[in-house]
Amino acid sequence: YIRHGDNGFLVENAPEAWASQMIALAQAPEMLTEVSKASLHYAQQKWDPEKCADVFEATFAEVAERHVV
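Note that the coordinates shown come from a computational prediction; the quantities given were computed from them, not determined experimentally.

With that out of the way, let us pick up the side chain of N7. Among the structural elements, N7 can be located in the segment before helix 1 (15–27). Look at N7 and you get buried, because its relative accessible area is 8%. Among the polar contacts made by the side chain of N7, one reaches the main-chain carbonyl oxygen of Y1 at a distance of 2.9 Å. Polar side-chain contacts of N7 include one of 2.7 Å to the backbone nitrogen of R3.

Shown next as structure tokens:
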């Protein structure tokens, strides 16, 4: 789901790696802005509550229809 530099940042779970990434972002704040926008857009498309509810309702209706007694 997270693509480094596209919609988020992935680093090794080590203090040095985190520090290196934070320094890189401090030196290129426009990169952080663009990635933040992309991550928000991705989340809105993937997990919009109304869209999720529509999918849930359609799936529930399909399952209920197949299991009518």
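As a further point, take the packing of aromatic side chains. According to the stated counting rule, one finds three aromatic pairs in the structure shown. Judged by centre distance (5.6 Å) and plane angle (80°), the rings of Y42 and W47 are edge-to-face. According to the relative accessible area criterion, Y42 is partly exposed, its value standing at 21%. In this structure W47 comes out as partly exposed when scored by relative accessible area, which is 48%. Pairing F56 with F60 gives two aromatic rings, centres 6.4 Å apart and planes at 20°, and the pair type is stacked.

Time to look at a nonpolar patch on the surface. Where nonpolar side chains cluster on the molecular surface, the patch consists of Y1, I2, L10 and W47 and spans about 500 Å² of accessible area. The exposed category is assigned to Y1, whose relative accessible area is 67%.

Right, let's talk about the pattern of salt bridges for a bit. Tallied over the full model, the rule gives three salt bridges. Measuring nitrogen to oxygen at the nearest pair gives 2.6 Å for the salt bridge that ties R3 to D6. Its relative accessible area of 43% is what places R3 among the partly exposed residues. Note on D6: relative accessible area 34%, which makes it partly exposed. Its salt-bridge partner being E34, residue K37 comes within 3.9 Å of it at the nearest N-O pair. One end of the pair, K37, and the other, E34, are both in helix 2 (residues 29–47), three residues apart, so they sit about a helical turn from each other. When its relative accessible area of 51% is taken as the criterion, K37 is described as exposed.

Cut-offs applied
Residues numbered from 1 in each chain as written. Predicted model: local features only at pLDDT ≥ 70, side-chain atom pairs only at ≥ 80, totals over all residues. Heavy atoms only, no water. Helix = DSSP H or I, 4+ residues; strand = E, 2+ residues; numbered from the N terminus. Buried < 20%, exposed > 50% of the residue type's maximum accessible area, 1.4 Å probe, protein only. Polar contact = N/O pair within 3.5 Å; in protein donor to acceptor, adjacent residues only side chain to side chain. Phe/Tyr/Trp six-rings, centres within 6.5 Å; stacked < 30°, edge-to-face > 60°. Patch = residues over 30% accessible without salt bridge, like charges linked within 9 Å, V, L, I, M, F, W, Y side chains within 5 Å. Areas by Shrake-Rupley, 256 points an atom, 1.4 Å probe, with all protein chains shown as cover. Salt bridge = Lys/Arg side-chain N within 4 Å of Asp/Glu carboxyl O.

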